[in-house]
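What follows is the residue order along each chain.
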Amino acid sequence: MIRLATVSPCYNEEEALTTSVQRLTALFDNLVADQQITPDSMMLFVNDGSTDRSWSIIEQLQQSNHYVCGINLSRNSGHQNAIMAGMMTARHWADAVITIDADLQDDLAAIPLMLQELAAGNEVVYGVKVSRTADPLLKRLSAEAFYHLQRSMGVDSVFNHADFRLLSRRALDMLAQYGESNIYLRGLIPLLGLPSATVDDVISERTAGKSKYNISRMMGLALDGITSFSIKPLYIITYTGMLFLFVSVLIGIYVIHALIAGTAVPGWASLILSIWLVGGFVLIGIGVAGIYIGKIYNEVKRRPLYHIKDLLLQDGNKLD
Ligand code: UDP
Ligand code: MG
């Protein structure tokens with residue numbers, strides 16, 4: 001029997017929390033009755049600087065439900081950092097952690113399967129989205145295009161897997177050794193090199209509330225997913241630059257030829273076009289190089305990823 005902890009990041013989830021806790025409690029009760037998890041297993045909710053009543057709801061639920069624990073972060077630190085805060089806290093007590101978003105869009109039926117895979121010797125179990133019909137079409141298509149792009153950039157990650165996964169205590173302890181500030185868990189976990197398995201995850205609609213991921217957050221996560229793990233874009237830009245140089249030599253030869261032959265025409269249109277084209281490439285190049293420099297800047301500061309303001313634990317659990 002293992003002591004399980006689920007870790008759920010919450011950012012303005014007041015509408016979803018109560019139902020989510022009810023559904024998780026029913027699942028926990030079954031797993032305890034089946035002797036798959038210990039009765040002191042926990043559901044850890046990480047309040048990521050919500051501006052609504054999320055934290056007071058977590059406090060209330062912790063009073064009435066012995067599974068429920070809470071972490072209150074001092075401000076909004078972002079989804080990935082909130083998950084990190086939860087996992088790094090839960091690893092002191094739990095034998096395994098399952099991260100699942102507070103809106104429970106992921107498949108609860110996958111959790112017993114994850115536990116089976118753990119018992120079979122896997123240290124990492126990925127929930128892989130098999131049906132995303134509940135996700136909006138645009139989100140689905142852009143996510144799939146992104147997974148392909150990431151692959152082509154040489155980033156090792158699991159296709160259609162987001163942040164629904166089980167990690168063993170050992171995996172968590174290994175993860176704790178990674179000191180980086182730009183956290184992108186989907187890229188980090190495969191680097192652990194531990195035996196892993198996948199289980200199917202049928203995505204459903206949010207039980208309540210709205211998605212907290214807007215376009216700019218998704219773009220940010222996507223850029224992190226590539227630039228935190230691959231320096232290929234820098235090479236692609238360098239090679240493109242070389243190609244441009246070569247093309248400009250060819251154009252130079254053509255221009256000299258045209259001058260000698262006397263066929264040179266005033267080429268305003270092509271000139272202005274190439275200025276924009278080349279200007280565009282130069283800007284992309286500077287931008288990409290800038291992203292990497294920005295990351296170095298963030299990493300060298302070694303700032304903590306989050307600050308815990310309050311901790312609500314089950315009786316007997318202490319943080320030393
Ligand atoms: N979340 C968070 N901090 C943030 C944004 C989101 O902890 O800054 C949480 C949110 O409460 C949810 C999870 O991250 O539990 C995933 O967010 P959401 O469901 O809005 O994303 P989607 O499923 O629509 O991609
Ligand atoms: Mg969601």
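This structure is a prediction, so every number in the text was calculated from the model and none was measured.

About the cut-offs
Residues numbered from 1 in each chain as written. Chains lettered and ligands numbered in written order. Predicted model: local features only at pLDDT ≥ 70, side-chain atom pairs only at ≥ 80, totals over all residues. Heavy atoms only, no water. Donors = N, O, S within 2.8 Å, 3.2 Å for Na, K, Ca; no water. Buried < 20%, exposed > 50% of the residue type's maximum accessible area, 1.4 Å probe, protein only. Phe/Tyr/Trp six-rings, centres within 6.5 Å; stacked < 30°, edge-to-face > 60°. Helix = DSSP H or I, 4+ residues; strand = E, 2+ residues; numbered from the N terminus. Expected span 1.5 Å × (residues − 1). Axes fitted to C-alpha atoms, helices over the stretch in contact; angles between N-to-C directions. Parallel < 35°, antiparallel > 145°, perpendicular 65-115°, else oblique. Left-handed = near helix turned anticlockwise from the far one by under 90°. Contact = heavy atoms within 4.5 Å. Near = heavy atom within 4 Å. Polar contact = N/O pair within 3.5 Å; in protein donor to acceptor, adjacent residues only side chain to side chain. Areas by Shrake-Rupley, 256 points an atom, 1.4 Å probe, with all protein chains shown as cover. Nonpolar A, V, L, I, M, F, W, Y, C, P; charged D, E, K, R; others polar. Pairing = 2+ DSSP bridges.

J.: Even after reading the chapter, I still don't get the coordination of the magnesium ion (ligand 2), so can you show me in this structure?
T.: Protein-derived ligands of the magnesium ion (ligand 2) are Asp103 (OD) and Gln105 (OE1), with the metal-ligand distances lying across 1.9 to 2.0 Å. Assigned by exposure class, Asp103 and Gln105 land together as buried.

J.: Teacher, can you tell me more about the packing of aromatic side chains here?
T.: Given two aromatic rings, their pairing is described by the distance between the two centres and the angle made by the two planes. Considering all chains together, one arrives at five aromatic pairs under this definition. What links up through ring pairs into an aromatic cluster is the set Phe146, Tyr147 and Phe159.

J.: Just to check I follow, could you spell out helix H3 (residues 79–90) for this structure?
T.: Since the α-helix advances by 3.6 residues per turn, residues separated by three or four positions end up pointing in the same direction. Taking 1.5 Å per residue as the helical rise, H3 with its 12 residues ought to reach 16 Å, and the 17 Å between its terminal C-alpha atoms agrees with that figure. Within H3, 12 of the 12 residues are buried, which leaves it mostly tucked inside the rest of the structure. Buried residues of H3: His79, Gln80, Asn81, Ala82, Ile83, Met84, Ala85, Gly86, Met87, Met88, Thr89 and Ala90, and no others.

J.: How do you make sense of the packing of helix H5 (residues 137–152) against helix H8 (residues 215–227) when you look at a structure like this?
T.: What describes two packed helices is the angle between their axes and the distance between those same axes. Following both chains from N to C, one finds H5 and H8 inclined at 15°, their axes separated by 10 Å at the closest point. In terms of axis orientation, H5 runs roughly parallel to H8. For the element pair H5 and H8, the recorded crossing hand is right-handed. Here Lys139, Phe146, Leu149 and Gln150 of H5 lie close against H8, whose contacting residues are Met218, Ala222, Gly225 and Ile226.

J.: In this structure, what is going on with the site of ligand 1? I would like to understand it.
T.: Around ligand 1 there are 18 residues in total, and Glu13, Asp103, Ser211, Lys212 and Arg217 lie nearest to it. Glu13 is positioned such that a nitrogen or oxygen atom in its side chain is 2.6 Å from an oxygen atom of ligand 1. For ligand 1, whose free accessible area comes to 530 Å², the fraction covered by protein is 93%. Considered class by class, the residues forming the shell around ligand 1 number five nonpolar, five polar and eight charged.

J.: Mind showing me how you'd approach the pairing of strand E5 (residues 124–131) here?
T.: Here is the key point about a regular strand: its side chains alternate between the two faces of the sheet. Of all eight residues in E5, six are buried, a share of seventy percent or more. In the sheet, E5 pairs with strand E6 (residues 161–168) via four bridges, with the strands oriented antiparallel. Bridge assignment links Val124 to a residue of E6, and that residue is Leu167. Strand direction decides the pairing type here: E5 and strand E7 (residues 196–202), joined by seven bridges, are parallel. Bridge pairing links Val125 to Ala197 in E7.

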